[in-house]
Amino acid sequence: MPLIGVLALQGDFEAHRRVLERLGADVREVRVVGDLTGIDGLVIPGGESTTITLGVEREGLAEPIRALVEEGMPVLGSCAGLIMLDRAHLALMDIRAERNAFGRQVRSFEADVELAGIGGGPVHGVFIRAPVIAEHGPDVEILGEVDGHPIAAREGELLAIAFHSELGDDDRVHRMFLERVAERELTGGR
């Protein structure tokens, strides 16, 4: 079974843990650099991107995460995790996120979203103060949109979604992420 790290500095990391464990992954909460050792993939959960950024800086996690991504480690960023992957934060994906793009907390909503690469119909997404992908580079594949706004993308082994897939019963986003981890293992990844 793969060992998946879930960044546990702030946000609903426990919900991601439950989904991943239900799918058969071993999960380790990542709070300090040593927690990154030996992981096969990383989930950056939703929460408050400013607080997560401060925690990443305080614990010195940015460079070790970048090094693992350079080695090809798959990463799933959800909501604030999408923001963390963008050019202005960890600079792992060639995207610029726009925070709270649909409005504040009271404008949160749920929507069924068609995502490229995921069969079986739309994925149910919970959008809480959700970002959108305002700009992206040529190597970024947009996987889904809501009202014409990109809300899901992939670049190499990085997957970013603007919604909380971990809050519903549909685990297909996590399955897609774990499939990427498994493919990397089969092709000689760490």
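Our structure is the block above this text.
Model, not experiment: these values are computed from the prediction.

## Re the pattern of salt bridges
- Taken as a whole and assessed by the stated rule, the structure comprises 15 salt bridges.
- Between Glu 63 and Arg 66 there is a salt bridge, with its nearest N and O atoms 2.4 Å apart. Placement of both Glu 63 and Arg 66 in helix H3 (residues 62–70) is noted, with a separation of 3 residues, approximately one turn of the helix.
- Taking relative accessible area as the criterion, Glu 63 reaches 52% and is therefore assigned exposed.
- The salt bridge involving Asp 171 is made with Arg 175; its shortest N-O contact spans 2.9 Å.
- Look at Asp 171 and you get buried, because its relative accessible area is 12%.

## A short note on the side chain of Glu 155
- Inspection of the secondary structure assignment puts Glu 155 in strand E10 (residues 149–155).
- One buried charged residue, Glu 155, remains without a salt bridge, the closest side chain of opposite sign being Arg 87 at 7.9 Å.
- If we skip the residues at most four places from it in the chain, Glu 155 touches Leu 92, Met 93, Asp 94, Asp 139 and Val 140.

## Things to note about the sheet that holds strand E1 (residues 3–7)
- Pairing is mixed in the open sheet, where 7 strands are placed in the order E2-E1-E3-E4-E11-E10-E9. Each edge of the open sheet carries a strand with a single partner, namely strand E2 (26–30) and strand E9 (141–146). Between one strand axis and the next, the sheet turns by 20 degrees as a mean value, whatever way the strands run.
- Pairing of E9 with E10, which is carried by 5 bridges, proceeds in the antiparallel orientation. Bridged to Glu 141 within E10 is Arg 154.
- Contacts from helix H1 (residues 13–22) reach E1, E2, strand E3 (41–44) and strand E4 (75–78), with the element oriented near 165 degrees to E2.

## Remarks on the nonpolar core
- Of all hydrophobic cores here, the largest spans 62 residues; its most connected members are Leu 20, Leu 115, Phe 127, Ile 151 and Val 173.
- Those residues within four positions of Val 173 in sequence are excluded, and the remaining contacts are Leu 76, Leu 115, Ile 118, Val 123, Leu 159, Ile 161, Phe 163 and Ser 165.

## What about the packing of H1 against helix H5 (residues 172–186)?
- Closest axis-to-axis distance for the H1/H5 pair is 10 Å, and the angle between their directions is 65 degrees. With respect to H5, the axis of H1 lies roughly perpendicular. The interaxial crossing formed by H1 with H5 has right-handed handedness. The segment H1 lies against H5, with His 16, Val 19 and Leu 20 engaging His 174, Phe 177 and Leu 178.

The rules behind each value
Residues numbered from 1 in each chain as written. Predicted model: local features only at pLDDT ≥ 70, side-chain atom pairs only at ≥ 80, totals over all residues. Heavy atoms only, no water. Salt bridge = Lys/Arg side-chain N within 4 Å of Asp/Glu carboxyl O. Helix = DSSP H or I, 4+ residues; strand = E, 2+ residues; numbered from the N terminus. Buried < 20%, exposed > 50% of the residue type's maximum accessible area, 1.4 Å probe, protein only. Lys, Arg positive; Asp, Glu negative; His and termini not counted. Contact = heavy atoms within 4.5 Å. Pairing = 2+ DSSP bridges. Axes fitted to C-alpha atoms, helices over the stretch in contact; angles between N-to-C directions. Core = buried A, V, L, I, M, F, W, Y, C linked by side-chain atoms within 4.5 Å. Parallel < 35°, antiparallel > 145°, perpendicular 65-115°, else oblique. Left-handed = near helix turned anticlockwise from the far one by under 90°.

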